[in-house]
Each structure stands twice: as C-alpha cells, then as structure tokens.
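# Topology and contacts: notes
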Amino acid sequence: MPQPTLFDRATLGNLETENRLVVAPMTRISGTPEGEVGPLMTDYYAAYGRGGFGSIITEGVYTDRAYSQGYRNQPGMVDRQQTQSWRHLIERVQETGTKVIVQLMHAGALSQFNRFEASTAGPSAIAPKGRQMDIYYGAGDYQVPREMSPSDIETAIRGFADTAKRAQDAGADGVEVHGANGYLLDQFLTDYTNKRQDHYGGGASNRVKLTCEIIERVREAVAAGFTLGIRISQAKVNDYTHKWAGGTEDARSIFSPLAAAGATYIHTTEHSADKPAFETGPTLAALARNISGLPVIANGALEDPARALSLLQQGDADFIALGRGALGAPDWPERVRRKETFPAFDPGLLTPLANLETGARFQPPAA
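These numbers were taken from a predicted model, which means no experiment stands behind them. (Residues numbered from 1 in each chain as written. Predicted model: local features only at pLDDT ≥ 70, side-chain atom pairs only at ≥ 80, totals over all residues. Heavy atoms only, no water.)

### Focus: the nonpolar core
The line we're drawing: In plain words, nonpolar cores are sets of buried Ala, Val, Leu, Ile, Met, Phe, Trp, Tyr and Cys residues tied together by side-chain atoms within 4.5 Å. The cut-offs for exposure are 20% and 50% of the maximum accessible area for each residue type, with area from a 1.4 Å probe on protein chains only; residues under the lower value are buried, those over the upper are exposed, and the others partly exposed. Numbering of helices and strands runs from the N terminus, with a helix taken as a DSSP run of H or I at least four residues long and a strand as a DSSP run of E at least two residues long.
The biggest cluster of nonpolar side chains holds 83 residues, and the ones touching the most others in it are Tyr 48, Val 102, Val 175, Trp 244, Phe 255, Leu 258 and Ile 320. For this core, the leading source of residues is helix α3 (residues 150-169), giving six residues. Listed in part, the eleven residues of the second largest apolar core include Ala 10, Leu 12, Val 22 and Ile 101.

### Description of unusual backbone geometry
Phi is positive for Ile 29, which is not a glycine, with a value near 35°. Along the chain, Ile 29 turns up in the loop between β3 (21-23) and α1 (41-50). Overall, Ile 29 belongs to the buried group, its relative accessible area being 2%. The backbone of Lys 339 sits at a positive phi, close to 55°, despite the residue not being glycine. Structurally, Lys 339 is set in the segment after α11 (332-337). Taking the relative accessible area as the measure of exposure, Lys 339 reaches 77% and is therefore exposed.

### Observations concerning the sheet that holds strand β10 (residues 265-269)
Short version of the rule: By the convention used here, strands pair only if DSSP detects at least 2 bridges between them. Whenever a helix is involved, its axis is fitted only over the stretch in contact; in every case the axis is a line through C-alpha atoms, and angles between N-to-C directions fall within 0 to 180 degrees. Two residues form a contact once any of their heavy atoms are found within 4.5 Å.
Strands sit in the order β3-β4-β5-β8-β9-β10-β11-β12 around a closed barrel of eight strands; the barrel is parallel. Going across the sheet, the axis of each strand differs from the next one's by a mean of 25°, ignoring polarity. Here three bridges tie strand β11 (residues 296-299) to strand β12 (residues 319-322), and the two strands are oriented parallel to one another. Within the sheet, the bridge partner assigned to Asn 299 lies in β12 and is Ala 321. Contacts from α1 reach β3 and β4 (55-62) within the one sheet, and its direction differs from that of β4 by about 155°.

### Observations concerning the packing of α1 against helix α2 (residues 80-94)
Convention followed: Should an angle fall under 35 degrees it is called roughly parallel, over 145 degrees roughly antiparallel, and 65 to 115 degrees roughly perpendicular, with every other angle called oblique. Here a crossing is called left-handed whenever its near helix is offset anticlockwise from the far helix by less than a right angle, and right-handed whenever the offset is clockwise. Gly counts as polar in this scheme, as do all residues outside two lists: the nonpolar Ala, Val, Leu, Ile, Met, Phe, Trp, Tyr, Cys and Pro, and the charged Asp, Glu, Lys and Arg.
In contact at an axis separation of 8 Å, α1 and α2 are set at 20° when each is read in the N-to-C sense. As far as their axial angle goes, α2 and α1 are roughly parallel. For the crossing formed where α1 meets α2, the hand is right-handed. Where α1 abuts α2, its residues Met 41, Thr 42, Asp 43, Tyr 45, Ala 46 and Arg 50 lie against Trp 86, His 88, Leu 89, Arg 92 and Val 93. Its residues placed into classes, the contact of α1 with α2 shows six nonpolar, two polar and three charged.

See below:
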C-alpha cells in the first residue's frame, strides 16, 4: 500500500473530503449579541475554503438557552434565526469544495458570559482552576458552579441533539461534539472537577458516560450516516499541563466507549500532537486510533508540513487539523502544493476576532 499524503482524497466517517487537511475549531467571538453569524464570519471561513482545506470545523456553537453559552458574542444554534444565519456561511464555504463540520459546545463551569443564565453549572460545585480570560471579555476568578441535577443534564443532552439536527438542516456536512479543553464534557471526564456520587462519577469509564449518552442522542437525531465526531484532549484552556491520571488505561476507558456510542471519528488535540501522550509511548492520536478503530484527526503544533506528513505516515492519524498554522496562512494547503514559503506569523492573529488581515488587533472593552 502506498503511504498516505496530505493531499489524498479521504473519508471522514461517511464524508468524502478532497484532502486530509482540516481547519481546527477556534473561538472567534464574532457573532452578534443575539448569537447569530456576525459580519466578519462568512468571509473568514470562506478564505480557508479558497485556500484549499478539505474541511473546516467551526468554532463551538452554544447548544441551549440554559448553561451552555461560554462567551460574549459567541454564535449559537438554538433557534430558527441563529440557524438561518449559518446557512449562507455554510453554502459559501461549500461552494469552494470544502466540507463544513459544526462544533457543538457547552461551556459548563468555564462560562464567562451567558445571556440566558447569570450562574454557571458543572458536574460538581468546584470552581475551575485559573482565572477568566480577559481576551474573551472575562475578568477575575471563575464562579463556583452549581452541581447539575438530572434535569440539568437532560437539558444539556437534549440541547446537543437538537442543535445537531439544526446544523444538519442548515446544510452542514457533519457535527463535532466538543468534549475537550476543559468545557462541560471534559469537566465530567476530569477527576478533580467531577466528584459526583452517581453513575457519572468515579472512574474514567463512568466519567465518560455523559459524552457517550450525548453521542447516542445526537446519532438518533440526525440522518443515518451523518458524520458525527468527538473532540478529546487532556490539557484545558485553564489547565495547560493536565494529564489523565490513569494513563493508557484511562485512554482505553475513554476511546472504546466513544466508538461504541456511535462516533464516526475522534479529534484529539494536544500541545504537540506528535509527542507521547504520557511520559513515553504512543501519541494521543495513535491511542485513539488503535483503541477505537475510528478515523482520527490530530491537532497540535503541526503547521510544519514535514511534521504533519510524518504523523500521517507513521499511522498515528488519518487527518491533520491546523489552528495557528491556518490562521497564519489560510492558503496553507495551496502553499504546500506550490512549495512556497509561509509568511512570518503575526501574533495579532491570535486575537479572537474572525479577521485574517495581517496586523489586525483586538482590545477587549473594560469589564
């Protein structure tokens, strides 16, 4: 068998893509105050399509009118108006030949702004580590969340399922459940934020149950064969060094049930995707691929084409997702094809606006 390349046509779940290159989900907070697609967003996403990426995973959209919204000006998909606002964006990107996967996100205890609820909710009444991010309009410590009741959990599950159906109705090619980076599902998965005494607490096999239930309900809500991914990480936006205490045993307890629940791919994100997940041994992407048997997207410091290709060719992953690399060069795939150099990275692009202009800067308002 010939070795894979970055530019092979490939299958992500049931989704045929032009190549193995994916734009990673990045929080842009460029929606309207009402949670609809804002004026910057359509051109921003279409630029990646014109640049040759096979697929794009959108920023996380909030999924209910309860506790899911995480940031001021975060787009949602909880009603007809919000959903309709995504339709034109999705069509614009698809016209370039690029697939659109909508990421479904519940912020849980990491919420810094929610126009529906003043308080936050999570698996246990434990304040998140760290402090709110001022670049996303946050200030001070995170709130202590209220422990989610069975009714709260059902609301969250239903929100994911209903929003997945709305994304499909808006023309999306797939959805990705955000189970990473410290947000709600990762809070349930993490030992120090989940001290529940019910069946969602305890070992890793219990802590992953909510994520699996959401995948099952989303699978029921969307058409058969609709692409449904799950993003998983160890590190969090508020805890950059976290590792699963159980190492590879925890990986087995997490990745196998995700596949059984109905996920069609797993998206792993690490600081460096080609480094061991733990002190030694396989990468997190390789563990996900080998344990689950599903296609895997790997994300993390792979903007060097040689590093990205190496990860593919050693069999750790099936797709490569770029965040910083895509921001710095939205035409990254075309530049690699033409063997062109990349522009020097402008740190201003790390600001959370959906703006790819060199030198763009963002100053959050005073709290």
